[in-house]
Amino acid sequence: MDHGGHGTMTDLPPFTLGRGLEFSGDPVFMVGCLLALALYGWGVVRLLRRGDRWPVGRIIAFTAGVLTVALVMCTALNDYGMVMFSVHMVQHMVISMVSPILILLGAPVTLALRALPASGRGNRKGPRELLVAVLHSRYMKVISHPAFTIPLFIASLYALYFSPLFDFLMGSRAGHIAMMLHFLAVGLVFFWPIMGVDPGPNRPGYIMRMLELFAGMPFHAFFGIALMMASEPMVTTFLHPPASLGIDPLDDQTAAGGIAWAFSEIPSVIVLVALLFQWYMSEQRHARRTDRAADRNGDAELVAYNAYLASLEARGRG
């Protein structure tokens, strides 16, 4: 069985971890991953050379996010994902939920704003000004608004898998690449305002971010349950797996549903922990600013309040 240039899969042996780590995946994603790491590294080096600091944790998070993309798209996992629904679902969940969270924790937009050169003399805008203009554009306000991100996040599951569109895209190499790029883009757009690490046109409070997170995640669980409970295969792409794999299409679909259900929980916990930590650190910074302000003005608010009480007491005596 040949899937759009990915090679004949009939001779694939049963999947093992060792073979799953061989480099036989998509060159488009390989080039993209290398380019992302190179640009991020350039930004960090540029900051360090001028004496600025950049948190090591952000470097680790971004690198891990890009490497997770490479893991599912640039290894033999990508080959198995063309013939096994369960492996494809691992690819989908990782590239749409795990990779975006890690990449966003790396704060690439903030790094770009600090590293890109500003405009010089004259009225011409530099790279930094162009990025700022894009971030504040009406287009970005629309695509980062929860009224857009949540329906898009949900539709990427149901409208794709429960329609002929999935089989059509899986029938060609270009279609498969486009679908995976879509999953990655949707994940980044959905989690960008929720994570709140990078600046953006829509930055809700912590409670609203949690509500946005929990508004989208249950639909992943429902989708997984629907696959697990189906009495027949729901897509034709995986209807005839290679005999050498020794798998039943319906059992493979059930496993895919279990993976989708499980991944609705794991990223939710990661994001929730990150939000609570950000909230705590924000409160700590606010408390420190308040203390410094009180030290500078001699706690003028407390003095004024005491004076107000004293005036009330004087009036009572009068």
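Quick caveat: nothing in here was measured; it's all calculated off a predicted structure.

A. Structural detail: the overall build of the chain. Counting its secondary structure elements, the chain contains 15 helices and zero strands. Looking at the chain as a whole, 39% of its 318 residues are labelled buried. Once local pairs closer than 6 in sequence are excluded, the contacts in the chain between residues at least 24 apart make up 76%. By element, 67% of the accessible surface of the chain is carried by carbon and sulfur atoms, the whole surface being about 16,700 Å².

B. Examining the pattern of salt bridges more closely. For the structure on display, the rule yields one salt bridge. Across the salt bridge formed by Arg50 and Asp52, the nearest N and O atoms sit 2.6 Å from each other. Given the relative accessible area of 41%, Arg50 is considered partly exposed. Judged by relative accessible area, Asp52 falls into the partly exposed class, the value being 26%.

C. Layout of the nonpolar core. Counting residues in hydrophobic clusters, the biggest one holds 70 residues, and the most contacted among them are Met89, Tyr161 and Phe191. Here this core takes eleven residues from helix α11 (residues 173-195), the largest share from any one element. In contact with Phe191, not counting residues within four places along its chain, are Ser96, Met97, Pro100, Ile101, Leu104, Leu213, Met217 and Val271.

Definitions and cut-offs
- Residues numbered from 1 in each chain as written.
- Predicted model: local features only at pLDDT ≥ 70, side-chain atom pairs only at ≥ 80, totals over all residues.
- Heavy atoms only, no water.
- Helix = DSSP H or I, 4+ residues; strand = E, 2+ residues; numbered from the N terminus.
- Buried < 20%, exposed > 50% of the residue type's maximum accessible area, 1.4 Å probe, protein only.
- Contact = heavy atoms within 4.5 Å.
- Areas by Shrake-Rupley, 256 points an atom, 1.4 Å probe, with all protein chains shown as cover.
- Salt bridge = Lys/Arg side-chain N within 4 Å of Asp/Glu carboxyl O.
- Core = buried A, V, L, I, M, F, W, Y, C linked by side-chain atoms within 4.5 Å.

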